[in-house]
Amino acid sequence: MTAHSQIKRISEFFFCKHPFVAIGLILCAFLVPFANQAIQTDDALFVWTGQWILKHPLDFFGGTANWYGSNVPMWQVNLNPPLMPYVLAVTASIFGWNEIPLHLACMFIAIAAAAGIYVLAKMWCSRPFLATIIAIVTPAFLVSATTLMCDLLVLSFWVWAIVCWEQACRNESGNWKFVVGGVLAGLAILTKYSAIQLPPLLVLLSLVRAKAWMRSPRKCGWAIVGLLAAGVMVVCYEILTGRLYGKGLLVYAAQEVQSYRFGYPGGWTAKGIIGLTFAGGCMLPILSFVPWLWPRRTWLVGAVIISIGILGAFQLGPNPGIIHAWLNPGIWNDWAFRLQVALFLLAGVHLLLLAITESWQQRDAVSVFLAVWIVCFLIFAGVLNWTVNARSFLPAVPAIAILAVRRLERRAGPGFAPCWFLAPILPAVAITLSLVIANYKSANMARIVAKEIASQGQSPGHQLWINGHGGCQYYLQQLGAQSFDNKEFVLQSGDTVAVLWNSGTITTLPGGSVGLISTIVRDPGAWLNLSGASRYGLAGFFDADWGPIPFTIGNSKYRWLIVRLLTTVRHFAGSSTDAASDLPSLMKQKTASVTNALQQVSLGEQLQNHGEIESAVECYRKALKVDPENVEALAHLASVLSIAPKPASRDEAVQLSTKAATLTQWSRPVIVDVVSSALAAHNQFSDAVTMAEAATELADLTGRPDIAALSAKLKAAYVSGRAVVPLYRSETNSLPIYP
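Quick notes on the rules
- Residues numbered from 1 in each chain as written.
- Predicted model: local features only at pLDDT ≥ 70, side-chain atom pairs only at ≥ 80, totals over all residues.
- Heavy atoms only, no water.
- Helix = DSSP H or I, 4+ residues; strand = E, 2+ residues; numbered from the N terminus.
- Rg over C-alpha atoms; globule rule 2.2 N^0.38 Å.
- Buried < 20%, exposed > 50% of the residue type's maximum accessible area, 1.4 Å probe, protein only.
- Contact = heavy atoms within 4.5 Å.
- Areas by Shrake-Rupley, 256 points an atom, 1.4 Å probe, with all protein chains shown as cover.
- Lys, Arg positive; Asp, Glu negative; His and termini not counted.
- Charge placed at Lys NZ, Arg CZ, Asp CG, Glu CD.
- Polar contact = N/O pair within 3.5 Å; in protein donor to acceptor, adjacent residues only side chain to side chain.
- Phe/Tyr/Trp six-rings, centres within 6.5 Å; stacked < 30°, edge-to-face > 60°.
- pLDDT = per-residue confidence, 0-100.
- Expected span 1.5 Å × (residues − 1).
- Right-handed = clockwise from strand over helix to strand, strands pointing away.
- Salt bridge = Lys/Arg side-chain N within 4 Å of Asp/Glu carboxyl O.

1. A few points about the overall build of the chain
- Across its full length, the chain holds 30 helices and 14 strands.
- The C-alpha radius of gyration computed for the chain amounts to 30 Å, which stays within 12% of the reference 27 Å derived for 739 residues, consistent with globular compactness.
- Expressed along its principal axes, the backbone C-alpha trace of the chain runs to roughly 100 × 60 × 50 Å.
- In the chain, which comprises 739 residues, the proportion classed as buried is 56%.
- Partitioning the intrachain contacts of the chain with sequence separation of at least 6 by distance along the chain shows that 73% fall at a separation of at least 24.
- Accessible surface, the chain: about 30,300 Å² in total, of which carbon and sulfur atoms supply 63%.
- Both charge centroids of the chain, one from 51 positive and one from 39 negative side chains, sit 14 Å from each other.

Spelled out as structure tokens, the structure:
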């Protein structure tokens with residue numbers, strides 16, 4: 001016997017004899033390296049709820065959170081039941097609120113879910129270990145396993161509920177398994193409200209197994225008791241939350257889903273397309289098995305026809321409207337992005353065809369049940385849910401993996417070896433692990449940046465405020481920062497605000513009320529991106545409102561802005577935001593020198609408009625002689641000298657524009673644009689891009705979308721290496737214009 005044969009025999013023996021140990025070891029190998037992953041996205045809501053539960057165990061949603069810009073009760077923000085926060089609270093009561101034990105606890109939940117998939121697959125196919133591995137290496141499973149959210153816990157309850165129900169239907173155990181299955185279904189609903197679909201699936205499983213047990217009144221009675229157990233748990237939860245918070249939270253969550261559902265420019269068609277792209281991306285390993293799932297001619301011809309149809313529709317048809325207007329709709333014209341959308345859409349269509357074809361060809365109870373499970377979940381997670389995200393497709397992963405293995409067994413014959421399919425699994429493992437690494441890097445980057453923001457923004461006697469939400473918010477609050485309530489706030493002069501741009505919930509502040517301290521730009525350094533824009537597309541793994549596909553090629557840069565309050569800013573409910581003028585302005589001083597300087601600036605601008613550049617330069621220099629700190633004269637002269645042919649003039653332009661920005665305390669985005677143009681004229685394109693980005697963000701923060709649009713155009717020019725220089729004009733007259 002060769003060494004290869006011995007290794008194969010030993011591995012198959014080990015996997016068959018100790019499947020749960022093997023599954024645990026595989027998941028530990030995948031997840032332990034990422035146990036120190038920082039709090040990210042909605043993790044913070046579950047952690048905050050768990051921290052409250054430790055102090056008030058019977059009032060689970062009694063705390064508050066500022067997540068969308070205002071401080072509200074936790075039950076209005078965390079639209080998930082409290083079971084997962086209880087798990088985190090129990091873990092933290094023993095090990096403390098450290099990321100490592102929390103993630104390790106979630107790893108054991110992932111192992112329990114995978115074990116349930118194995119047991120279910122063992123009842124429905126002859127290669128359960130292969131089905132389990134396919135499920136594990138899907139992006140939906142493995143990336144979700146690295147978060148502290150409730151998705152793996154609900155999957156664990158979900159799968160084990162079906163296992164118990166199927167065992168009872170098949171007379172493999174006592175009828176009491178119906179009750180256990182019903183209780184597990186109730187626990188799934190108390191983990192995530194979307195599990196309300198599980199009891200109807202159990203009813204469907206009962207119906208497809210009707211020949212086996214429906215003639216037994218005793219079994220029917222036990223099944224009804226099991227369903228009633230789930231119903232009683234949900235009703236009791238509604239009554240309890242109604243008494244605690246004035247509303248039953250399951251009904252409240254359903255109402256919120258309806259009121260907050262985002263619409264896409266393309267309507268329901270667009271949401272259907274996005275749902276299929278997410279389904280295809282989240283179940284990526286299935287696409288690798290296409291050559292084994294279908295006859296060669298079928299899959300080759302089918303792939304060509306569907307691909308041509310999708311790409312032809314993209315090219316000849318109207319814009320499908322799958323990108324929000326506030327993102328970057330123009331990226332739809334990028335063929336690299338279209339190809340990614342087409343690939344994920346092809347994978348999603350394949351899943352749908354696989355489920356329908358297998359159930360039609362087999363027409364047995366298991367195939368029909370799996371197909372209905374898959375199709376119903378594709379409709380719910382891809383169309384009916386308030387938004388589309390990868391985690392919502394997680395409960396469909398076991399059904400898809402088992403259905404695929406059943407078809408593989410039927411096509412390859414009963415004697416096929418699972419090791420034959422390592423080739424299609426390995427690419428899926430590589431991509432999924434790349435996504436896990438990318439998510440790990442971006443999450444930990446926010447934790448590091450929070451410390452950097454605190455070191456730059458905190459000063460004695462002044463408060464550091466947070467404008468935005470997410471993982472960075474969680475760590476900044478640990479460091480003493482506060483999130484201001486956009487319904488009512490008072491920001492004192494000298495306070496600092498950290499703007500978390502990637503959160504999407506930014507409160508606008510009055511123009512001139514803040515001055516730029518610094519911008520922080522970080523690149524996670526991954527070749528795949530799960531959230532936001534990259535060079536090749538838009539991704540929204542955790543929320544499709546950030547992108548119509550779950551992940552995209554290329555990395556995404558994350559940005560943070562730190563500004564200092566130059567005035568006291570007050571905002572009260574029902575009133576406009578007011579910036580008190582407690583800082584004197586050089587532009588408003590009525591001294592004779594300032595008046596004379598402004599007259600020279602006005603004359604210089606008139607000469608500049610008529611093309612008399614040299615005469616205009618003389619006027620600006622005269623203005624600076626009588627008032628060396630005249631910002632208008634500095635900005636005008638800097639913009640003119642930026643287009644001068646002499647290098648010395650361009651050096652002076654950088655100095656003058658920087659002085660103008662410093663005098664205004666970096667509060668005027670137009671002046672920051674002048675600095676960026678002077679740097680670009682001096683061939684310092686990297687610094688020019690940084691300044692143009694800062695101007696864009698400062699304009700967005702202070703409610704000047706017109707200036708932000710110009711700054712974005714300047715940045716695009718600088719990125720391409722073009723020294724486009726706008727001629728500055730007084731902000732009271734017009735924006736900067738191109739010469």
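2. Observations regarding the side chain of Thr357
- Structurally, the position occupied by Thr357 is in helix H19 (residues 335-362).
- Among the polar contacts made by the side chain of Thr357, one reaches the main-chain carbonyl oxygen of Leu353 at a distance of 2.7 Å.
- Ignoring any residue separated from it by four or fewer positions in sequence, one finds Thr357 in contact with Trp294 and Arg407.

3. Examining the packing of aromatic side chains
- Evaluation of the coordinates by the stated rule reveals 25 aromatic pairs.
- With a centroid separation of 5.9 Å and 65 degrees between ring planes, the pair formed by Phe60 and Tyr245 is classed as edge-to-face. Placement of the pair is Phe60 in the loop between helix H3 (43-55) and strand E1 (64-66) and Tyr245 in helix H13 (residues 217-245), with a sequence separation of 185 residues. You'll find Phe60 and Tyr245 in the same group, each marked buried.

4. Structural notes on the confidence of the model for the chain
- Within the chain, residue pLDDT values average 87, and 91% of them lie at 70 or more.
- Note on residues 581-590: pLDDT under 50 across the span, and 12 contacts to partners over four residues away in sequence or across chains.
- Predicted confidence for residues 732-739 stays below pLDDT 50, and this span has 21 contacts to residues more than four positions away or in other chains.

5. A closer look at helix H6 (residues 99-124)
- The end-to-end C-alpha separation of H6 is 37 Å, in line with the 38 Å expected for 26 residues at 1.5 Å each.
- Between the side-chain oxygen at the start of H6 and the backbone nitrogen of Ile100 there is a gap of 2.9 Å, and the oxygen is on Asn98.

6. Examining the pairing of strand E3 (residues 464-467)
- Here E3 shows two buried faces, one formed by Leu464 and Ile466 and the other by Trp465 and Asn467.
- Handedness of the β-α-β unit built from E3, helix H23 (residues 471-478) and strand E4 (residues 482-483) comes out right-handed.

7. So, the pattern of salt bridges
- A complete count under the given rule lists 15 salt bridges for this structure.
- Residue Arg410 is joined to Glu358 by a salt bridge in which the shortest nitrogen-to-oxygen separation is 3.0 Å. A residue pair is termed long-range when its members are at least 10 positions apart, and Arg410 in helix H21 (residues 397-412) and Glu358 in helix H19 qualify at 52 residues.
- Judged by relative accessible area, Arg410 falls into the partly exposed class, the value being 35%.
- Between Arg559 and Glu693 there is a salt bridge; the shortest N-O distance is 2.6 Å. Here Arg559, found in strand E12 (residues 558-565), pairs with Glu693, found in helix H29 (residues 685-701); they are 134 residues apart in sequence, far enough to count as distant.
- Residue Arg559 is classed as buried on the basis of its relative accessible area, which comes to 12%.

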